[in-house]
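Breakdown of the fold
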Amino acid sequence: MLIALVFAGLAIYSVLNVVIGVLVFIVVGSQGGNTTPYLIAGTVALALIGLGAGIGLLFVRRPWTKGLGLGLMIGWALWSIVSAGYCTGLNPGLYG
C-alpha cells in the first residue's frame, strides 16, 4: 500500500506541476513588463506543494499519509532533476 501511495503522490505532483507551469507560462507570456514575481510565485507554490505538503503529511504519521507525502517530495525532486530546474522554477536562467 505504501508503494502505491508513493506513486499516487508522484502522479498528483506531476499533474499539479503541469497545471501550475502552464498557468505561469500563460501569465508570463501575456505580461510585457517584469515577469520575475510571477515566476517566483509559481516556484514557491510548487515547493510548498511538493516539500511543504510532503513534510506535513509525514508528520501526521499514518500509513497512507506517509506514502503520499513521500510521493509528493519525490515528485518535486524528480521534476527538478529531470528538467534541470525549469519545471520547478529552480533554474537561474529563468530569472535573467
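Note that this is a predicted model, so its numbers are computed, not measured. (Residues numbered from 1 in each chain as written. Predicted model: local features only at pLDDT ≥ 70, side-chain atom pairs only at ≥ 80, totals over all residues. Heavy atoms only, no water.)

1. Things to note about the side chain of asparagine 91
Mapping asparagine 91 onto the fold places it in the segment after helix 3 (63-82). In contact with asparagine 91, other than residues within four places in its own chain, are Ala84, Gly85 and Tyr86. (Helix = DSSP H or I, 4+ residues; strand = E, 2+ residues; numbered from the N terminus. Contact = heavy atoms within 4.5 Å.)

2. So, unusual backbone geometry
With a phi angle near 60°, arginine 61 is a residue other than glycine that sits in the positive phi range. Looking at the element boundaries, arginine 61 is found in the loop between helix 2 (36-60) and helix 3. Here the phi dihedral of alanine 84 falls at roughly 55°; this positive angle occurs in a residue that is not glycine. With respect to the helices and strands, alanine 84 occurs in the segment after helix 3.

3. Things to note about the packing of helix 1 (residues 2-30) against helix 2
Relative to each other, helix 1 and helix 2 sit at 170°, their axes nearing to 10 Å. Relative to helix 2, the element helix 1 is oriented roughly antiparallel. Contact residues: helix 1 offers Tyr13, Leu16, Asn17, Ile20, Val24, Val27 and Val28, while helix 2 offers Tyr38, Leu39, Gly42, Leu46, Ile49 and Gly50. Taken together, the residues of the contact of helix 1 with helix 2 sort by class into 10 nonpolar, 3 polar and no charged. (Axes fitted to C-alpha atoms, helices over the stretch in contact; angles between N-to-C directions. Parallel < 35°, antiparallel > 145°, perpendicular 65-115°, else oblique. Nonpolar A, V, L, I, M, F, W, Y, C, P; charged D, E, K, R; others polar.)

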